[in-house]
Structure formats: C-alpha cells, structure tokens
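# Report on the structure
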Amino acid sequence: MGMDKALGDGFLTTTVDTIVNWGRANALWPMPMGLACCAIEMMAFAGPKYDAARFGSEVMRFSPRQSDVMIVAGWCTYKMSHAIRRVWDQMPDPKWCIAMGACASTGGMHRAYGVVQGVDNFLPVDVYISGCPPRPESLINAMLQIQEKIKTEHTAKLDA
Ligand code: SF4
C-alpha cells in the first residue's frame with residue numbers, strides 16, 4: 001500500500017490515536033474531590049487492597065495541573081461548587097469527570113436549598129456512579145468506562 005493511499009484511508013491518524021489513547025487510558029491520574037462520606041470509599045479505592053495501579057490510576061494528584069480525571073465524591077454546596085469549578089478549569093485538557101455516589105450525581109437525600117442537585121450542573125460529568133456510598137469496585141468500573149471512552153477519541157487531525 002502506497003503512502004498516499006494509507007494517508008487517504010486515515011492510516012496515520014488512527015495509528016497515532018491508538019498510541020496516544022493507549023497512553024492516556026492507562027495513566028489516568030485522579031484529582032480527588034472528596035466532599036463527604038463517599039470520599040472514604042474513594043480513599044479505599046486508592047489503597048493496596050483494590051490495587052488501582054493495575055489501571056495506572058494509583059497516583060492521586062492534589063495539583064490540578066497534574067491530574068486528568070476529577071472524582072467528585074460526596075454532596076456539594078453551591079458555595080463549594082465555585083471552588084470545584086475553578087480547580088476543574090485549571091486541569092489541562094483532555095480531562096474527564098466522575099460523579100461518585102447518589103449525592104454527587106443528583107443531590108441524593110439532600111433536598112436542601114444550599115445543595116447542588118447534581119454536579120453536572122457545573123461540571124461535564126462523563127460517568128455517574130450510583131449507590132450510597134458506592135463500593136470501591138464501582139469506582140474501578142467507572143475508571144474502566146473512562147478508559148473505554150478514551151480509546152474511541154480522536155487525538156490528531158492532519159488537516160487541522
Ligand atoms: S451518596 Fe451516601 S455516602 Fe455518598 S456522600 Fe451521599 S450520603 Fe454520603
């Protein structure tokens with residue numbers, strides 16, 4: 001196959017996509033946004049028992065500049081939402097977001113005027129985890145879903 005035909009078929013871009021996405025998917029560094037009780041299960045996820053290192057995600061980063069997946073664990077007040085959004089904006093692209101638990105996903109039992117009824121009101125959530133609280137296995141499953149999502153993304157365009 002000639003190079004012209006290969007480029008015409010998108011051979012080069014799909015190969016670059018595969019390599020870059022493989023790296024990104026297997027080295028997701030979480031930004032732990034622990035807000036309430038769900039954070040305890042998030043901490044368990046990062047411990048040795050659940051071995052998040054299998055997925056390249058054992059390195060929790062407390063600097064937004066070094067993380068690419070935010071895990072919002074717990075219920076969120078309107079006051080706190082501004083700080084979280086600011087941290088999110090400081091994370092470099094590409095980035096992903098997990099709403100961990102009923103409260104982060106929908107407000108949960110906290111039907112109160114001061115509580116945001118789902119963090120997707122101010123963040124682009126990629127994966128929602130149900131449960132109160134979800135088990136660490138559910139968070140592992142969410143990370144795997146993000147990995148699958150990354151594998152279908154386009155990273156480069158020749159005509160850009
Ligand atoms: S979902 Fe349950 S465990 Fe998680 S923050 Fe809400 S009340 Fe706490």
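What you are looking at is a predicted structure, and each value in this text was computed from that prediction instead of being measured.

### Focus on the overall build of the protein
Scanning the protein for helices and strands turns up six helices and four strands. Reading the protein from its N terminus to its C terminus gives the helix and strand order α-α-β-α-β-α-β-α-β-α. For the protein, with 160 residues in total, the buried portion stands at 28%. Across the protein, the fraction of contacts at a sequence separation of at least 24, relative to all contacts at a separation of at least 6, is 80%.

### A look at the confidence of the model for the protein
Residues at a pLDDT of 70 or more form 89% of the protein, whose mean pLDDT is 89. For the protein, per-element mean pLDDT is lowest for helix α1 (residues 3-8), which scores 55, and highest for strand β4 (residues 127-129), which scores 98.

### Observations regarding the site of the ligand
Within the structure, the ligand sits among Ala36, Cys37, Cys38, Gly74, Trp75, Gly101, Ala102, Cys103, Gly108, Cys132 and Pro133. Counting residues per element, the shell around the ligand draws most heavily on helix α5 (residues 101-106), at three residues. Partitioned by chemical class, the residues of the shell around the ligand number eight nonpolar, three polar and no charged.

### Let's talk about the environment of valine 72
Here valine 72 shows up in strand β2 (residues 69-73). Taking the C-beta count within 10 Å as the criterion, valine 72 has 29 such neighbours and is therefore assigned buried. A sequence separation of 36 residues divides valine 72 from alanine 36, and the C-alpha atoms of the two residues are 9.5 Å apart. Other than its neighbours up to four places away in sequence, valine 72 contacts Met33, Leu35, Ile84, Cys97, Ile98, Ala99, Met100, Ala104, Val119 and Leu123.

### Structural notes on the sheet that holds β4
Sheet strands associate in pairs through backbone hydrogen bonding, adopting either a parallel or an antiparallel arrangement. One open sheet accounts for four strands, arranged β1-β2-β3-β4; its pairing is parallel. The open sheet has two edge strands with one neighbour each: β1 (30-34) and β4. Put simply, the sheet's adjacent strands are angled 15 degrees from each other on average, direction ignored. As defined by bridge partners, β2 adjoins strand β3 (residues 96-100) across five bridges and the pair is classed as parallel. Counted as the bridge partner of valine 72 is alanine 99 from β3. Taken strand by strand, helix α3 (residues 38-46) contacts β1, β2 and β3, and its axis lies near 140 degrees from that of β2.

Definitions and limits used
- Going along each chain's sequence as written, the residues are numbered from 1 onward.
- For a predicted model such as this one, the threshold for reporting local features is a pLDDT of at least 70, and the threshold for listing and counting side-chain atom pairs is 80 or more; totals across whole chains, interfaces and linings nevertheless cover every residue.
- The helix count covers DSSP runs of H or I at least four residues long, the strand count covers runs of E at least two residues long, and both are numbered beginning at the N terminus.
- Residues with at least 20 neighbouring C-beta atoms inside 10 Å of their own are called buried, those with 12 or fewer are called exposed, and the rest are partly exposed, where every C-beta is derived from the backbone.
- Contact between two residues is assigned whenever their backbone-derived C-beta positions fall within 7 Å.
- For every residue, the predictor reports its confidence as pLDDT, a number between 0 and 100.
- In this text, near has one meaning. A residue is near a molecule or strand if its C-beta atom, placed using the backbone, is within 6 Å of it.
- Each residue receives one of three labels: charged for Asp, Glu, Lys and Arg, nonpolar for Ala, Val, Leu, Ile, Met, Phe, Trp, Tyr, Cys and Pro, and polar for the others, Gly being one of them.
- Pairing between two strands requires that DSSP report at least two bridges joining them.
- Comment: axis = line fitted to C-alpha atoms, over the contacting stretch for helices; angle = value between 0 and 180 degrees taken between N-to-C directions.

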